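# Remarks on the overall topology
For reference, the chains in residue letters:
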Amino acid sequence: MFSTVSNVAALALGKLSEVGSKALALDTNSQATYAAGAVLVLYMGSAIVKKSFNMIDAICNRTYIYNICWEDPAVDHQILKITPDDVIFRICSAGDIVLDYAIEGPSKIVVCDMNQHQLWLFELKICMLRDPKLTYEEWWGIWGSSDVSIALDVWKRMRHTMSAGGRQWWDGRIERVFRQGFVTTGSTGFFSKFLIPFIMYSVGFDFKEWAEKGFSHEYMQANHVIIERAAWYMRRLFPTFIAPFAGVPPNQIGPEFYTVEFYETILREIFMDPDFGSTNYFYRFYLDRGYKDQSCCPRTLQEEHFDALRKNASCFEWHHASVQATMERVKPHSFTKLVLLDHMDWMPNGMVHDEWIALQRATVPGAKILWRSAFTQMGDKTFFNNLDVNDLSPQWYSKDRVKMYPGTFLSYMPRDTFPFIDPEPSACQRASFARKVITTAKMILHPLTAGRVSAHGDKMSSFYASQAKGYDAVRENMLVARPDMISAFGPIRQGHTWLDIGGGTGRNVHFLRAQLDSFKTIIVLDICPELLEIGKESARQSFTLEQCKKIHWVCLDVNDPNVREELAKIAGNNINRGFDTITFSYSLSMIPEWEKALYSAKSLMSNQGRVLVADFDTYTESGNSFKDFMIRTWYKQDGVRIDAKSRDTILNTVFAGDNYTNTCMRMQKKLAGVQIPHYVTCCKKGTITTPDGFRRPSVPDLTKYAAASAIEEEKKEAA
């Protein structure tokens, strides 16, 4: 399969190369004919590749993807402000940006990459820099001019310092790589070799003429139609064919990638920049087929920085591993600054969460963490609600010369630990197959067998009493958004307080069994005593006596007018203390006065509090489709209310305003072969993580100041 797909891709690119080469020598009409043929070849190759194999995996198994990095190091330096005391981590890619970091002389730089060939490219650069006989002229000749004779001379001199795998891989390639031109290597270089001539001649862009005019801004203004035509081609080629060669997976391609306007905006910002010719060495690298001179090249190739590069070449350590695996290998609390590129775009929320658990272990509190994204917000992954994320995109995107990533984000690592989710149910929450069948049957047949009761508490007892013993086991595969809700729980500080509204059997508590000792109080609130009894017994079987003392099982309606006073008594809190985390786990949709319940939860939040809701959702945003009607009707028989209004009320009414940060994640997962929609919302009061890792409210609690002022006034009056 692998060889078949690779051959298909090579054939398609070979045909495209032939088309591009012929197009250079033909008149305009013939060029158009060949261009149409090239597009057909691209689409055919794309269709075969997409159906046959994961193209990115195929590339990574053969070579590196990136021959240069596609992030702007000038932006990184402005954000990170690297010092000699810093220990830095970064995903390797082509390695030239960490070389740029090394010029500043940090204590240590650790890189990792899942593509071994990227690391061998990086190792080649490092081993050359460590060669005591290397001169600047040789360094420029290899990486600036791609001079094969110089590359071979240096290779023979330092070949023995490479790892066995790297030495073997480069032995068969180094002459070919630098003879054909380093710019054309890697999948990005290989593809640009064919794509750039094809697009330039298809849109009528004479690059040589523009270069001769000194990359004149006026020239591009007069020929702006070129950008419009190029955007048209990019819209049709990038999502389907170019993306794998650029290392962009399907889940990183949003709907904007299918609009011409998206590409036109980016191309205008790049090529209409008056400083393009003097500063944008990223695109000129491919357009010029390499670096022409030092007037427009990376700092790593400038003579003034060569001595610093060589001096600091010993600060590097590299790992052929994932980010998480690398973090688990290194000494705890190692890193002060980390750059994660855009790789989290590729990952589901659970993987992101696990990776950040490892990141927190490996970093000092308050470590700076910079990452980029193809998206302008991170709300689709609930874990990011644990961070105070600074969106730097408005400030830095306009200054980024690459314009590859619309999203640029920075966060400081908090001292308080992230929630550690244990997905497995406790032993006492499992059930036999027979018990599951009986519980499921009772749940389905409930509308036919239940008596008529009016009170909400009686309805819940009527529905759940007969299901209580098998409740957790049966619901495990139904209430699937609960782990994603717990993922947004927030950093757990010592003395954390948690109110689980409609928590029933306390299944959510078991997700955090590893961190129960950090809590001061956990209150599981429900109006169904049968479920609470099951939860209490499960806790006794699963947790220590001291942990059980922290968990209170309370049969009470959250809309009770005295709920604040009652919960303060139970928790032993000051009535104004509130709860750090409040959760509604598939319970909001079963509360008749659900809006009132949300306002009640809002009033119970601490000054760093958050309210999390996981529940069933509608298929469409508006909730007005036929599928929405069907799911609404089915769940209604069990007293579950499903409508789009719930999301809107949570995000735009109850928790509206600048004092709250709100996110919503929507997803669909299969149940008995049917896709069922779910959502998770997180509404949290604003907090700030300081550079030393401490978290505090972003808005001061004025009630404390008011109370203190009142006391002072009373003292003055008494005096």
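Residues numbered from 1 in each chain as written. Predicted model: local features only at pLDDT ≥ 70, side-chain atom pairs only at ≥ 80, totals over all residues. Heavy atoms only, no water.

## Observations regarding the side chain of lysine 381
Inspection of the secondary structure puts lysine 381 in the loop between β5 (363-373) and β6 (390-391). When its relative accessible area of 7% is taken as the criterion, lysine 381 is described as buried. A polar contact is formed between the side chain of lysine 381 and the side chain of aspartate 380, at a distance of 3.5 Å. For lysine 381, the contacting residues outside a window of four places in its chain are Met344, Asp345, Met347, Pro348, Asn349 and Val352. (Helix = DSSP H or I, 4+ residues; strand = E, 2+ residues; numbered from the N terminus. Buried < 20%, exposed > 50% of the residue type's maximum accessible area, 1.4 Å probe, protein only. Polar contact = N/O pair within 3.5 Å; in protein donor to acceptor, adjacent residues only side chain to side chain. Contact = heavy atoms within 4.5 Å.)

## Structural notes on the packing of aromatic side chains
A complete count under the given rule lists 48 aromatic pairs for this structure. Between phenylalanine 207 and tryptophan 210, the ring centres sit 6.3 Å apart and the planes meet at 75°, which makes this aromatic pair edge-to-face. On the criterion of helical spacing, the pair formed by phenylalanine 207 and tryptophan 210 is a turn pair, its members being three residues apart in helix α12 (residues 207-212). With relative accessibility at 0%, the residue tryptophan 210 sits in the buried group. Plain terms: the ring middles of tyrosine 281 and phenylalanine 282 are 4.3 Å apart, the flat faces sit at 25° to each other, and that makes the pair stacked. Across the pair, phenylalanine 282 and tyrosine 281 agree in class, each one buried. The cationic tip of lysine 627 hangs over the ring face of tyrosine 619; the distance from NZ or CZ to the ring centre is 4.3 Å. (Phe/Tyr/Trp six-rings, centres within 6.5 Å; stacked < 30°, edge-to-face > 60°. Lys NZ or Arg CZ within 6 Å of the ring centre and 35° of its normal.)

## Let's talk about the packing of helix α7 (residues 136-143) against helix α8 (residues 148-158)
Axis separation between α7 and α8 bottoms out at 8 Å; the angle between their running directions is 115°. α7 and α8 meet at a crossing whose hand is left-handed. Along the contact surface, α7 presents Glu138, Gly141 and Ile142, while α8 presents Ile150, Ala151, Val154 and Arg157. In terms of residue class, the contact of α7 with α8 is built from four nonpolar, one polar and two charged. (Axes fitted to C-alpha atoms, helices over the stretch in contact; angles between N-to-C directions. Left-handed = near helix turned anticlockwise from the far one by under 90°. Nonpolar A, V, L, I, M, F, W, Y, C, P; charged D, E, K, R; others polar.)

## Looking at the side chain of threonine 649
Secondary-structure assignment places threonine 649 in helix α32 (residues 645-654). Apart from residues lying up to four places away in sequence, threonine 649 is in contact with Trp594, Glu595 and Val654.

## A look at the confidence of the model for the protein chain
On average, the protein chain scores 86 in pLDDT, and the residues at 70 or more come to 83%. Within the model, the stretch residues 457-464 combines pLDDT values under 50 with 25 contacts to residues more than four positions away or in other chains. (pLDDT = per-residue confidence, 0-100.)

## Considering helix α29 (residues 563-571)
Those residues of α29 that sit buried are Val563, Leu567, Ala568 and Ala571. For α29, the angular spread of buried residues about the axis comes to 130°, placing them on one side. If you follow the buried residues of α29, they end up packed against β8 (496-501), β9 (519-526), β11 (579-585) and α30 (594-603). Glycine 572 sits one or two positions beyond α29 and adopts a positive phi of about 70°. (Arc of directions from axis to C-beta.)

## Topic: a nonpolar patch on the surface
A grouping of Phe626, Phe629 and Met630 is seen on the molecular surface, where their side chains present a nonpolar patch of about 350 Å² in accessible area. Looking at the secondary structure, you find phenylalanine 629 in helix α31 (residues 626-636). A relative accessible area of 44% means that phenylalanine 629 is categorised as partly exposed. (Patch = residues over 30% accessible without salt bridge, like charges linked within 9 Å, V, L, I, M, F, W, Y side chains within 5 Å. Areas by Shrake-Rupley, 256 points an atom, 1.4 Å probe, with all protein chains shown as cover. Salt bridge = Lys/Arg side-chain N within 4 Å of Asp/Glu carboxyl O.)

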